[in-house]
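Inside the fold
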Amino acid sequence: MRTTRLPYVTFHEEPAEAEVVSHRLMLRGGYVKKVAGGLYDFLPLGARSLRKVEAIVREEMERAGAFEVLMPALQPSELWQATERWEKYGKELFRIQDRHERSFALGPTHEEVVTDLARGLLRSYRQLPVTLFQIQTKFRDEMRPRFGLMRGREFVMKDAYSFARSSEEGSACYRVMQEAYFRVFSRLGLTVRMVEADTGMIGGSSSHEFMVLAPSGEDTVVYCPSCSWASNVELAGAATHCPICQTPVERTTAIEVGHVFDLGARYSEPMGAAFLDPDGRETLYHMGCYGIGVSRLLAAAIEQSHDESGIIWPLAMAPWTVCVLPLGGKDSGLTAKGERIAAIIEERFPGDVLVDDREARPGVKFADADLCGFPLQIILGEKNLRDDRVEIKVRKSGERHVVPVPGLQEWIGDFLGRPGSMVDTLILDR
Ligand SMILES: Nc1ncnc2c1ncn2[C@@H]1O[C@H](COP(=O)(O)OP(=O)(O)OP(=O)(O)O)[C@@H](O)[C@H]1O
Ligand SMILES: [Mg+2]
Ligand SMILES: [Zn+2]
């Protein structure tokens, strides 16, 4: 892809309305544009990063044995009445009426809809356990939509639901999802803490949240510096010592990026959602539900990884992994050379290279590439090219390497294959 074909529009002044760094950098880098409070356009760069995150989430859900479905965002009020959440959910639920004055909710979550789906579909114990997931836009009339993608009124969530025959089987589904979550966050290059949490409006018996530790987080977690124990502050109360190893605990702010709940029969019971056991008896499903804030993850990643020049994307989340920067105008021949080099890299990493072919000063190209956070910048100057070499700048470390053009594919492959980075994150066009 070339920047001259793309609406590649960056801003170098600070946006007044943005309070946190991820929001500022996403506006400045041209990732998102505000439409109204809590509502954003994803511009081409933002949409690509979002799709990369979705692809990883999808792969890991499928690896964990879950099946993708797609349910309507518009949900009839009758389903919400059956679980009493039509009354209890409160003002966060967007409620609308159709032309016949029938009431609907714009789905903030899908427990009712999926339970209704399951009770018609999963009739026999032989079909269970099953986990279904979707990646979909959710709606919540948040009291304070803010911080850009962090707390929107419309946002992208991955939500999964498990249906099991017993509480033991339900717990096994829950553990499989917890493991899948760790794989998702590690592939995305994020450091997360899993914390014990409150079950809140969703209900059920146990729950864990996945937290990205960051100064701008709206949650507080209490954690143990010497073991993996951590808890949501509501649940930890005034605890001063780790219940596992007695070390004094510490507190920090964090961003919730995922949440898993063991629901038991919280939904299957009021909705009469049951299967036939081997003796032909109607038995309620033991359910679990599992959310990941897909769009919030983009913001959380930037909160965790940026510097004064801009975003430092984890490899898996950058809209393009490689940005080629020819430092000369059309007449210099550097742009044409840049396109040839991009084509060479694309042979091995299809669709993952952007060429900045604008007629712009080198300083402008460098600043934009740093702001947008492309992990590898391939810099083409007259002098190096005369010797058939390019300079590669690694965004994260700032290190620079001079690499002969014939060895470029291999160098990039080695770089992406280093421990801690993953070639399998380049999955967009596979
Ligand atoms: N308004 C929002 N904007 C963006 N992402 C959100 C929003 N609300 C929730 N999420 C994401 O969806 C995931 C699953 O939703 P869940 O109902 O568990 O959230 P929640 O507990 O209401 O989150 P929060 O406490 O931040 O409001 C959350 O872990 C979070 O990552
Ligand atoms: Mg909430
Ligand atoms: Zn401990």
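Residues numbered from 1 in each chain as written. Chains lettered and ligands numbered in written order. Predicted model: local features only at pLDDT ≥ 70, side-chain atom pairs only at ≥ 80, totals over all residues.

Here we look at the site of ligand 1
The local shell around ligand 1 holds 15 residues, among which Phe155, His259, Gly291, Gly293 and Arg296 are the closest. Counting only elements with at least two residues in the shell around ligand 1, the list comes to β8 (154-164), β13 (250-264), β16 (286-293) and α8 (294-304). Counting residues per element, the shell around ligand 1 draws most heavily on β13, which supplies four residues. In the shell around ligand 1, the residues fall into three nonpolar, seven polar and five charged. (Near = placed C-beta within 6 Å. Helix = DSSP H or I, 4+ residues; strand = E, 2+ residues; numbered from the N terminus. Nonpolar A, V, L, I, M, F, W, Y, C, P; charged D, E, K, R; others polar.)

Some details on the domain arrangement of the protein
By the assigned domains, the protein splits into domain 1 (21-307) and domain 2 (320-425). Computed from C-alpha coordinates alone, the two centres of domain 1 and domain 2 are separated by 38 Å. (Domains from an automatic or database assignment.)

Considerations on the sheet that holds strand β6 (residues 103-106)
With antiparallel pairing, three strands are arranged side by side in an open sheet as β4-β6-β5. Strand pairing shows two members of the sheet lacking a second neighbour, β4 (74-76) and β5 (94-97), which therefore form its edges. The mean inter-strand angle of the sheet, taken between neighbouring strand axes irrespective of direction, is 40 degrees. Of the strand pairs in this sheet, β4 and β6 are connected by three bridges, and their pairing is antiparallel. Its bridge partner lying in β6, glutamine 75 is registered against alanine 105. (Pairing = 2+ DSSP bridges. Axes fitted to C-alpha atoms, helices over the stretch in contact; angles between N-to-C directions.)

Here's the deal with helix α1 (residues 21-28)
Because an α-helix packs 3.6 residues into every turn, residues spaced three or four apart end up facing the same way. Most of α1 sits out of view: eight of its eight residues are buried. Looking at α1, one finds that the buried residues are Val21, Ser22, His23, Arg24, Leu25, Met26, Leu27 and Arg28. Considering only its buried residues, α1 is in contact with β1 (32-36), α2 (44-63), α8, β17 (306-307), β18 (310-311) and α10 (362-372). Trailing α1 by a residue or two, glycine 30 shows a phi angle of about 70 degrees, which is positive. (Buried ≥ 20, exposed ≤ 12 C-beta atoms within 10 Å, placed from the backbone. Contact = placed C-beta atoms within 7 Å.)

Quick look at unusual backbone geometry
The step from leucine 128 to proline 129 runs through a cis peptide bond, and the omega angle for that step is 0 degrees. Within the secondary structure, proline 129 sits in the loop between α5 (111-121) and β7 (130-139). Here glutamate 101, not a glycine, exhibits a phi torsion of approximately 65 degrees, which is positive. Mapped onto the secondary structure, glutamate 101 falls in the loop between β5 and β6.

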